[in-house]
Amino acid sequence: TTVLPNASLQFVGFVESYEKRGEWIGLNTWTLEKGKNATITFSVKNDGKTTIDKNSLKVVVEIDNKEIGGSDTFVVGEGMAMGGTSYTEAVVLNVKKDAPNGETPVYVKLFMGDNLIDSKILTLRVKLT
C-alpha cells in the first residue's frame, strides 16, 4: 500500500521567461513562433497534515504533440510541512523549428514515484513565421 501526500500544483501557467518565473502572471494559453522557447511555471502546495519529504515529488511538463516539442521533468527539492509550499520553478521547452502551426495541449503533472497526484492542462499555440 502506498500512501500519497495531499499535494497540489499551484501557480501553473506560461510566463515570458525563466527569469520571470516568480512574477506570477501565468497564462493558460501561450502563442509563439516556431523555434522559440515556451516557459511553464509551477509550484507545489502541501494540502495535507503530514510532511512531504524533499526530492520525493516531481513535476513532468509535456507537450502533447511530439512534432511541436518534447517534455522535461523537475524534482521538487524542498520538503513541505502542513500548509507548506515549494519555490516557484519553471521548465523551458523548445518548440521545434519545423513544428506544425496550430494548438496542442501541454500537460503539467505532479507525481510521487509513478503515482499521479495532480495535473493541469495548458494550451500552446504555434503560429506561422
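Caption draft 1: Quick look at the pattern of salt bridges. Scanning the entire structure with this criterion turns up six salt bridges. Notably, a salt bridge pairs Arg 125 with Glu 103, separated by 2.6 Å at the nearest N-O pair. Of this pair, Arg 125 sits in strand β8 (residues 115-127) while Glu 103 is found in strand β7 (residues 102-112), placing the two residues 22 residues apart along the sequence. Among the salt bridges present, the one from Asp 118 reaches Lys 120, with a minimum N-O distance of 4.0 Å. Classification of Asp 118 as buried rests on a relative accessible area of 16%. Residues joined by salt bridges that share partners form a network here, namely Glu 62, Lys 66 and Lys 109.

Caption draft 2: Geometry of the side chain of Glu 89. Mapped onto the secondary structure, Glu 89 falls in strand β6 (residues 89-94). When neighbours within four sequence positions are excluded, Glu 89 is seen to be in contact with Tyr 18, Arg 21, Ile 40, Thr 41, Phe 42 and Phe 74.

Caption draft 3: Representation of the packing of aromatic side chains in the model. All chains considered together, the criterion is met by two aromatic pairs. Its end group placed over the ring of Phe 111, Lys 58 keeps NZ or CZ at 5.8 Å from the ring centre. Cation over ring: Lys 109 sits above Tyr 107, and NZ or CZ is 5.4 Å from the ring centre.

What counts, and where the lines are drawn
Residues numbered from 1 in each chain as written. Predicted model: local features only at pLDDT ≥ 70, side-chain atom pairs only at ≥ 80, totals over all residues. Heavy atoms only, no water. Salt bridge = Lys/Arg side-chain N within 4 Å of Asp/Glu carboxyl O. Helix = DSSP H or I, 4+ residues; strand = E, 2+ residues; numbered from the N terminus. Buried < 20%, exposed > 50% of the residue type's maximum accessible area, 1.4 Å probe, protein only. Contact = heavy atoms within 4.5 Å. Phe/Tyr/Trp six-rings, centres within 6.5 Å; stacked < 30°, edge-to-face > 60°. Lys NZ or Arg CZ within 6 Å of the ring centre and 35° of its normal.

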